[in-house]
Protein chains: 2
Amino acid sequence: MPKQPIRVELSSTKKPKPQSDQLEFGKIFTDHMFVMDYSIDKGWYDPRIIPYQAIPMDPASMVYHYGQSVFEGLKAYVSEDQKILLFRPEKNMERLNRSNDRLCIPQIDTETVLEGLNELIRIDKDWVPDAEGTSLYIRPFIISTEPYLGVAPSSTYKLIIILSPVGSYYKEGIHPVKIAVENEFVRAVKGGTGNAKTAGNYASSLKAQQVAETKGFSQVLWLDGIEKKYIEEVGSMNIFFKINGEIVTPELNGSILEGITRNSVLELLKHWEIPVTERKISIDELIEAHQSGELEEIFGTGTAAVISPVGELIYHDQPYVIQNGQTGEVSKKLYEAITGIQKGTQPDIFGWTVEVDSVVKQA
Amino acid sequence: MPKQPIRVELSSTKKPKPQSDQLEFGKIFTDHMFVMDYSIDKGWYDPRIIPYQAIPMDPASMVYHYGQSVFEGLKAYVSEDQKILLFRPEKNMERLNRSNDRLCIPQIDTETVLEGLNELIRIDKDWVPDAEGTSLYIRPFIISTEPYLGVAPSSTYKLIIILSPVGSYYKEGIHPVKIAVENEFVRAVKGGTGNAKTAGNYASSLKAQQVAETKGFSQVLWLDGIEKKYIEEVGSMNIFFKINGEIVTPELNGSILEGITRNSVLELLKHWEIPVTERKISIDELIEAHQSGELEEIFGTGTAAVISPVGELIYHDQPYVIQNGQTGEVSKKLYEAITGIQKGTQPDIFGWTVEVDSVVKQA
Ligand SMILES: Cc1ncc(COP(=O)(O)O)c(C=O)c1O
Ligand SMILES: Cc1ncc(COP(=O)(O)O)c(C=O)c1O
């Protein structure tokens, strides 16, 4: 697929921008969006930047009925020298295409989409917040649009990128959360769509999440759907454990999302020569490690929080306090390293950041 | 929830109606649709019938990202005396509310929605086809509409009903299909959303279906996601087997959709005193029954086809011909009984049909 030229239609009005300290997650969107269409005849066509707007959709559009859709999530940060940096965006594009494959959605030309994203951020650059901990959340997604009620892959799609300035995940500094091991509901199973970033995985997680929240837990820790025994991942994070000096994370088994933060953590740990293994971990092993005092840290990894230390694990209504409910050393070190690279305050030794073309924010 | 009055806004233009013999499934929609909104403050509000139209949707609408949506499918038929009959519509409303519960969508007042449906069909009555085998397919669905990227239940929803005149499922009379036992992909697992009618279940089924079609099979037969051993259901049908004179169907186990046709078949078989059991059935048991000559019939049940005889089962690339590839006695008898009740040519001994108010189609 050749890279395609991007058409630009600027908005005649500008929305008011929110205060940096009043930002929430994913509620406010910038002035423009990137859109590209697909039809069987034309392939992906008409990549364009247009004013952010509601899109008229036929009520028979397949996405409403059969959920054929995929999405991504990544962030842009303002560096100290006022450049805008993206974190490993090509990884998100690769994952989007893997999700497309699972959902029978046509592959995208990742270069066209990355160029569209670059251009979109250039145009909406004044929306990228620069206060401590803030960032621009980027949501590329693809929806099936054919108005047809047959259960089959759609013949038409829309790829859209929207941007949302978001506040600090940790308003009062990084702090550990409580997560509950889920025993009833299942998020995904081998052979299903767990390793794709598709809408249905999140729909199926809502109920368990709702139950957990009413009990005061921030997220659920999913077990495998087959034996309800092996640890999978958290709501929208992968999970790591420090057991007796070694870091362990569940291996990619077909039902876990391959997180880009997870990958970055693995690379950093290897670089630091901290022992790390990807393997099966049972909940029983964890509880035993806790009892023998060897469960030293737990942390989640994901684009939203980067690193989210876990201070308490709840299993069968029994609380297991981790690291006295404090943030562990490795969690802290990883958080600082990754956010440092993301914001350009630390050397980008892995070449992870990509600068948005010729943008220097006005201070 | 009290029943609410329904506002009506008629279309000023009428679309051309298709020829009865050129009808396909789910491609053409009538002149009007029913819509109702939900907000936390107001609950479900403003039930209305409006011209069929595209709906402007914010690109951040939650349904696009997290698939929080549910749907139903039922049919209306024209009887010999030109009345319009619905088949067990209250069952679909009950199932919609069960799906709502699983997907954290607020419960609907089924009376308001049934009245809306009744009124909608009255208005679009000339769209209900009456040629042999044709019907009006009814698609109620609910989508989450809040423009918010947090993974949480939406605070706003739309319920919509659209209508599509559909052709005969069996253009050349009822005929058996080939279905392939799926070994790699999994549709649903206990603890997941398999027993809810929600978009993600269908999204996850597309890939297996696509593979099956390229091999010349019409549908896949799903095995359980845990042991890949027990029969679950077909694409959009439940499944029944006649083994040595007895009818067997997989028991409702949390991952199978509770089909309304399935329920009707169970009631009819009991009424006819044909032995029928709901229980676990392994694929091994089926293959053995085939080898010993005891596997006498297989048929799927669902709103679209009513009864779909299976003439060939493919398992590990091995074909197993059923009933010489012909439609079995029980399949035929059930098809005639149910379609007879649906079209009013047989006495409605179970009180399954509901007449659309004061409509007599002009012949
Ligand atoms: C289910 C799930 N697991 C893990 C992750 C973490 O992935 P990443 O590090 O790429 O954000 C996410 C979030 O994107 C997710 O939705
Ligand atoms: C997954 C699935 N199973 C079974 C059925 C059959 O259900 P019903 O008989 O209510 O149409 C359907 C179709 O609605 C379905 O989508």
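Quick caveat: nothing in here was measured; it's all calculated off a predicted structure. (Residues numbered from 1 in each chain as written. Chains lettered and ligands numbered in written order. Predicted model: local features only at pLDDT ≥ 70, side-chain atom pairs only at ≥ 80, totals over all residues. Heavy atoms only, no water.)

A short note on the pairing of strand 16 (residues 295-302) of chain B
Residue and element names in this part refer to chain B.
- For strand 16, the buried fraction is high: 7 of the 8 residues fall into the buried class.
- Here 6 bridges tie strand 13 (residues 238-243) to strand 16, and the two strands are oriented antiparallel to one another. When the sheet's bridge partners are listed, Phe240 is paired in strand 16 with Phe299.
- Where strand 16 lies against strand 17 (residues 306-315), 4 bridges are found, and the strand directions are antiparallel. Of the residues in strand 17, the one forming a bridge with Gly302 is Val306.
- Connecting strand 16 to the antiparallel partner strand 17 that follows it, the hairpin turn spans 3 residues. (Buried < 20%, exposed > 50% of the residue type's maximum accessible area, 1.4 Å probe, protein only. Helix = DSSP H or I, 4+ residues; strand = E, 2+ residues; numbered from the N terminus. Pairing = 2+ DSSP bridges.)

Considerations on the relation of the copies chain A and chain B
- Once turned by 180 degrees and shifted 0.0 Å along the axis, chain A lies on chain B with an RMSD of 0.0 Å. Between the two chains, the operation in question is that of a two-fold axis.
- The share of interface residues of chain A whose copies in chain B are also at the interface is 100%, consistent with both copies meeting through the same surface. (Least-squares fit on C-alpha atoms with pLDDT ≥ 70 in both. Contact = heavy atoms within 4.5 Å.)

What to know about the UniProt feature "modified residue: N6-(pyridoxal phosphate)lysine" (unreviewed entry) in chain A
- On the UniProt side, "modified residue: N6-(pyridoxal phosphate)lysine" (unreviewed entry) is annotated at positions that read Lys197(A) here.
- If we skip the residues at most four places from it in the chain, Lys197(A) touches Ser69(A), Val70(A), Phe71(A), Glu72(A), Gly73(A), Arg95(A), Ser99(A), Tyr202(A) and Leu257(A). (UniProt positions renumbered as here; feature names shortened; annotations may be inferred.)

Observations regarding the packing of helix 2 (residues 89-102) of chain B against helix 3 (residues 110-123) of chain B
Residues and elements named next belong to chain B.
- One can describe the packing of helix 2 onto helix 3 by two numbers: an axis separation of 10 Å at closest approach and a directional angle of 130 degrees. The orientation of helix 2 with respect to helix 3, classified from their angle, is oblique. As for how helix 2 packs across helix 3, the hand of that crossing is right-handed. Packed against helix 2, whose contacting residues are Pro89, Glu90, Met93 and Asn97, the element helix 3 presents Thr110, Val113 and Leu114 at the interface.
- By residue class, the composition of the contact of helix 2 with helix 3 is 4 nonpolar, 2 polar and 1 charged. (Axes fitted to C-alpha atoms, helices over the stretch in contact; angles between N-to-C directions. Parallel < 35°, antiparallel > 145°, perpendicular 65-115°, else oblique. Left-handed = near helix turned anticlockwise from the far one by under 90°. Nonpolar A, V, L, I, M, F, W, Y, C, P; charged D, E, K, R; others polar.)

Structural notes on the confidence of the model for chain A
- Per-residue pLDDT for chain A has a mean of 95; in total, 97% of the residues score no lower than 70.
- For this predicted complex, the interface score ipTM comes out at 0.97, alongside a pTM of 0.97. (pLDDT = per-residue confidence, 0-100.)

A word on the site of ligand 1
Residues and elements named next belong to chain A.
- With respect to spatial proximity, 16 residues lie near ligand 1, and among them Lys197, Tyr202, Glu233, Thr261 and Thr303 are the closest.
- Between ligand 1 and the protein, one listed contact pairs an oxygen atom with a side-chain N or O atom of Lys197 at 2.7 Å.
- A distance of 2.6 Å separates an oxygen atom of ligand 1 from a polar side-chain atom of Thr303.
- Surface burial for ligand 1 is 96%, taken as the share of its 380 Å² of free accessible area covered by protein chains.
- Only helix 6 (260-271) and strand 16 (295-302) provide two or more residues apiece to the shell around ligand 1.
- Of the residues contributing to the shell around ligand 1, the split by class is 4 nonpolar, 8 polar and 4 charged. (Near = heavy atom within 4 Å. Polar contact = N/O pair within 3.5 Å; in protein donor to acceptor, adjacent residues only side chain to side chain. Areas by Shrake-Rupley, 256 points an atom, 1.4 Å probe, with all protein chains shown as cover.)

Some thoughts on the pairing of strand 9 (residues 156-166) of chain B
Residues and elements named next belong to chain B.
- Burial within strand 9 is extensive, with 10 of its 11 residues counted as buried.
- Pairing analysis gives 6 bridges linking strand 2 (residues 32-39) to strand 9, with the strands arranged antiparallel. Of the residues in strand 9, the one forming a bridge with Tyr38 is Tyr157.
- Two strands pair when backbone bridges link them, and strand 8 (residues 135-144) and strand 9 are joined in this way by 10 bridges, in the antiparallel orientation.

Considering the site of ligand 2
All names here are of chain B.
- Taken together, the neighbourhood of ligand 2 is formed by 16 residues, with Lys197, Tyr202, Glu233, Thr261 and Thr303 sitting nearest.
- At a separation of 2.8 Å, an oxygen atom of ligand 2 approaches a polar backbone atom of Ile260.
- The side chain of Thr303 places a nitrogen or oxygen atom 2.6 Å from an oxygen atom of ligand 2.
- Going through the elements one at a time, helix 6 (260-271) and strand 16 are the ones with two or more residues in the shell around ligand 2.
- Broken down by class, the residue content of the shell around ligand 2 amounts to 4 nonpolar, 8 polar and 4 charged.

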